[in-house]
Amino acid sequence: MSLNSQDISRIANLARLELTPQESERMLSQINGFFDIVEKMRAVDTTGVEPLPHPVATVQEVALRLREDVANPAIDREANQQSAPAIERGLFLVPKVIE
Amino acid sequence: MTQLHDLTVAQLAQKLKAREVSAVEAAGHFLGRVKAQADLGAFLATNEDATLAQARAADARIAAGEAAPLLGVPIAHKDIFVTQDFPSTAGSKMLEAYRSPFDATVVSKLAEAGAVSLGKLNCDEFAMGSSNENSAYQVVKNPWDKSRIPGGSSGGSAVAVAARLAPAVTGTDTGGSIRQPASFCGITGIKPTYGRASRYGMIAFASSLDQAGPMARTAEDCALLLSALCGPDLDRDSTSLDVPAEDFTRGLDGSVAGLRIGVPKEFFGPGLSDDVRSALEGALKQYEALGARIVEVSLPRTELAIPVYYIIAPAEASSNLSRFDGVKFGHRARQYGDLLDMYKKTRAEGFGDEVKRRIMIGTYVLSHGYYDAYYLQAQKIRRMIADDFQQAFKQCDLIAGPVAPSVAWKLGEHGNDPLADYLADIFTLPGSLAGLPGMSIPAGFGVGGMPVGLQLIGNYLQEGRLLNAAHKFQQATDHHLRQPEGF
C-alpha cells in the first residue's frame, strides 16, 4: 500500500500539524518507505494470538489503580500554571471558540 | 595522581564518606569540567547555585553521620526527567520555557540517596532517535571521535560519563536509548524490567516502553544507582510494578561458573559488521574462560521487531504528544487565526522533523480503518516476540548479543534517511517490546578505535543476575577502563 499527498494532508489535519509543501513531500516519501518495511509484519499469521498492549502483564496482573475520588490539596494551581502561555485569574486563555 | 573525575561512583562515595573530599569540592570539580567541555554538547542546562546548595546539604548529612549510598556523589539527569531546579525541555523547542513544579520520582529518589544534581543532559527530542542528532538545541559529539554520533536518544548522558563530566547519569530507554549510546561511547548502562523504575515525571514518549535506568562506567556503579532509583510508585504511576526495591550491589560477587549464556543465531546474521562480530566473539570467549557456557538459542521474530516497534511507539507518541497544544504549557505560536489554527501552528513550530514524522505515523495507524491492520497486528506480534524470549530462557539464564550492527556512525551520515536509523535498532527493540531488562557493557573496539558494547538481556526482574555477569566480566577485562584521549 502506498499513501498519496491527500492522505498526508488528511493525517496532518488529524494530528493537528501544519506542514509546508516541502515537508509534506518529504513526509510522503519517508512514510511510504517506512510502510514498505511494515508490509512484512502484516503478512504474519496472528490467528488466535492475544495482543500484548503492556509488558507489565507478563510479570503481574494488570489492574487499573485508581486513587480515591477526593480533592487533592497538594495540587498547586499557580505552580502548575507557571508555564502556561496565557492565563487569567487561574484560567487558561484560548482564542475565541464561540461566535 | 588520580583525579576526582577518574574515580568510579563507588570510589568517590567512599572518599566522600571518609571526608577525604567534600561534596562541594566534588560538585565544583565536575561543574568545571562541564564548562570546559561545552563543545561536546552534552549538557543543556546547569544551575551552579542549585548544585552547590545540594552539595552543601549533602556535606551536612555526611557531617551528621548519615550513610546514604550516594551521599554527595554528583550525577546529571537526561532532560526527559522533569526537575524543579533546572529547565525540563525533553530536547524540544516546544518546552524551551517550561519549568516543572515538581521533580520526577527517579530524580527525587536519587536525591534521597544523597546524589547531587549537576544539571540536565542533551537528548533527542522527546527521546525519539538513535543518534542524538534530533535535539532541537545542539548536536552531541562522541568523545572517542568528535566527527561521530554518540548514539541516542540518551546521547548527552553517555557522553557525560565517557568524557568524565559526571561519574554517573540517568537515561531512558524506549527502544534501546540507554544501551545503544552506552555501547557507542564505551560505558555501561542498564535498562531495568519495564515498570521497575517509576515513570512519574518522565516526559512520555511511548508509555508501554519508556523505562528509566542508570549509565556509568562500571556495572558496580550501575548497581548502586539502580538500587536507589527502582521501587514501586503505585500512587503516582499506574504502570509501576508492585515489586520491592532491591540492593543490587549484594549479588555482584556471585560466580558465573555454569551460567548458561544464550546467543541468538538471528543476532549474528549477515547484517552484523565484522569488527563488531569479532569484538563480541572475544567477549563470549572471555565468558567461557570464566566458566560460563555458551548455548545457541533462537529469537525467530527479531526482524519483525523493527516494524512492530515503529508502529507501537509512534502510536503511543501521537497520543502522548497531543498534550502539546499551546494551551496548558510550552510553546504557543504568535500568529494564528482560530483555535484549530493555533494548535496546528504551535505544533508545527514546536516540534522537529522526527517528532512530526512519528506523530504522523502514529496518527495514521490509529485512524479509522487501519487500527486492526497495523496497531492490533503489531501488539499480537509483540506477544509472539515476548513468547520467543520465554522459549529461549528455557535453555539459558541470560542472552548475549550485539547492541547495534556497527560502531557509532559519522554525524550526518544517515542524513535524510530516518529508515537507516530505524534499522540500526534491530538488536535492542525485541527486548524493549517484551519489557525485559537489558544492558550494554564495553566489550572491545572496532573500526576507527570506536567502542563496541555487548548486550546482555535477562528474564523479568533478573537485573541482579545481569549486573553480576557484567561485573564479573569487568573484573576480568579492561575495556571499561579505557578512556577517550584528552578526557
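Residues numbered from 1 in each chain as written. Chains lettered and ligands numbered in written order. Predicted model: local features only at pLDDT ≥ 70, side-chain atom pairs only at ≥ 80, totals over all residues. Heavy atoms only, no water.

With an unreviewed UniProt entry as reference, chain B is termed Glutamyl-tRNA(Gln) amidotransferase subunit A, source organism Ramlibacter agri. On record in UniProt, under Sequence similarities (unreviewed entry), the comment for chain B is "Belongs to the amidase family. GatA subfamily." (UniProt positions renumbered as here; feature names shortened; annotations may be inferred.)

An unreviewed UniProt entry lists chain A under the name Aspartyl/glutamyl-tRNA(Asn/Gln) amidotransferase subunit C, with Ramlibacter agri as the source organism. Taken directly from UniProt, the Sequence similarities (unreviewed entry) text for chain A runs: "Belongs to the GatC family."

Undergrad: Requested: an account of the nonpolar core, with residues and values cited.
TA: Counting 181 residues, the largest nonpolar core has Leu 70, Phe 126, Leu 456 and Leu 467 of chain B as the members making the most contacts within it. Looking at this core element by element, the count peaks at 10 residues for helix H9 (residues 305–320) of chain B. (Core = buried A, V, L, I, M, F, W, Y, C linked by side-chain atoms within 4.5 Å. Buried < 20%, exposed > 50% of the residue type's maximum accessible area, 1.4 Å probe, protein only. Helix = DSSP H or I, 4+ residues; strand = E, 2+ residues; numbered from the N terminus.)

Undergrad: I'd like a description of the interface of chain B and chain A, backed by residues and values.
TA: Across the contact, 76 residues belong to chain B and 54 residues belong to chain A. Across the interface of chain B and chain A, roughly 5600 Å² is buried in total on both sides, 68% from carbon and sulfur atoms. The three residues of chain B that bury the most area against chain A are Met 360, Tyr 364 and Arg 383 of chain B, which together make up 13% of that side's buried surface. Residue Asp 353 of chain B is joined to Arg 26 of chain A by a salt bridge in which the shortest nitrogen-to-oxygen separation is 3.1 Å. At the junction of chain B with chain A, the criterion picks out 27 residue pairs in polar contact (both at pLDDT 80 or more). For the side of chain B that touches chain A, the element with the highest residue contribution is helix H12 (residues 371–392) of chain B, accounting for 12 residues. When its residues are assigned to classes, the side of chain B that touches chain A shows 43 nonpolar, 16 polar and 17 charged. (Contact = heavy atoms within 4.5 Å. Buried area = accessible area lost by both parts, 1.4 Å probe. Salt bridge = Lys/Arg side-chain N within 4 Å of Asp/Glu carboxyl O. Polar contact = N/O pair within 3.5 Å; in protein donor to acceptor, adjacent residues only side chain to side chain. Nonpolar A, V, L, I, M, F, W, Y, C, P; charged D, E, K, R; others polar.)

Undergrad: Could you give an account of the sheet that holds strand S10 (residues 438–445) of chain B, with specific residues and numbers?
TA: Residue and element names in this part refer to chain B. Strand order in the open sheet formed by 11 strands is S1-S3-S2-S4-S6-S5-S10-S11-S9-S7-S8, and the pairing between neighbours is mixed. Strands with a single pairing partner mark the edges of an open sheet, and in this sheet they are strand S1 (43–45) and strand S8 (293–297). Here the average twist between neighbouring strands, direction ignored, is 35°. Inspection of the sheet shows strand S9 (residues 398–402) paired to strand S11 (residues 451–458) by 5 bridges, in the antiparallel sense. For Gly 401, the partnering residue across the bridge sits in S11 and is Gln 455. Along the sheet, helix H4 (residues 105–112) makes contact with strand S2 (74–78), strand S4 (168–173) and strand S6 (211–216), crossing S2 at roughly 175°. (Pairing = 2+ DSSP bridges. Axes fitted to C-alpha atoms, helices over the stretch in contact; angles between N-to-C directions.)

Undergrad: Describe the UniProt feature "active site" (unreviewed entry) in chain B, and please don't skip the residues or the numbers.
TA: Residues and elements named next belong to chain B. The UniProt record marks Lys 78, Ser 153 and Ser 177 with the feature "active site" (unreviewed entry), using the residue numbering of this structure. The greatest C-alpha distance among the annotated residues, which extend across 100 residues, is 11.1 Å, indicating that they converge on a single site. Its place among the elements puts Ser 153 in the loop between strand S3 (116–121) and helix H5 (155–162). Setting aside residues no more than four positions away along its own chain, Ser 153 makes contact with Lys 78, Asn 122, Cys 123, Asp 124, Ala 127, Met 128, Gly 129, Asn 132, Thr 172 and Ser 177. A relative accessible area of 6% means that Ser 177 is categorised as buried. Residues in contact with Ser 177, not counting those within four places in the same chain, are Lys 78, Ala 127, Gly 129, Gly 152, Ser 153, Ser 154 and Thr 172.

Undergrad: Go over the packing of helix H11 (residues 353–366) of chain B against H12 of chain B, please, and point to the residues and values.
TA: Residues and elements named next belong to chain B. It is at 7 Å that the axes of H11 and H12 come closest, and there the two elements cross at 110°. On the basis of their axis angle, the class for H11 and H12 is roughly perpendicular. Along the contact surface, H11 presents Tyr 364, Val 365 and Leu 366, while H12 presents Tyr 371, Tyr 374 and Tyr 375. Taken together, the residues that form the contact of H11 with H12 break down as 6 nonpolar, no polar and no charged. (Parallel < 35°, antiparallel > 145°, perpendicular 65-115°, else oblique.)

Undergrad: I'd like a description of the pattern of salt bridges, backed by residues and values.
TA: Scanning the entire structure with this criterion turns up 28 salt bridges over all chains. Residues Arg 61 of chain B and Glu 66 of chain B are paired through a salt bridge, measuring 2.7 Å at the closest nitrogen-oxygen approach.

Undergrad: Outline the environment of Arg 61 of chain B, listing residues and values.
TA: Residues and elements named next belong to chain B. Turning to its location among the elements, Arg 61 is positioned in helix H3 (residues 48–63). Expressed as a C-alpha distance, the spacing of Arg 61 and Tyr 374, which sit 313 residues apart in the sequence, is 54 Å. Sequence-distant contacts of Arg 61, that is, excluding residues within four places in its chain, are made with Glu 66, Ala 68, Leu 71, Ala 111, Glu 112, Ala 113 and Gly 114.

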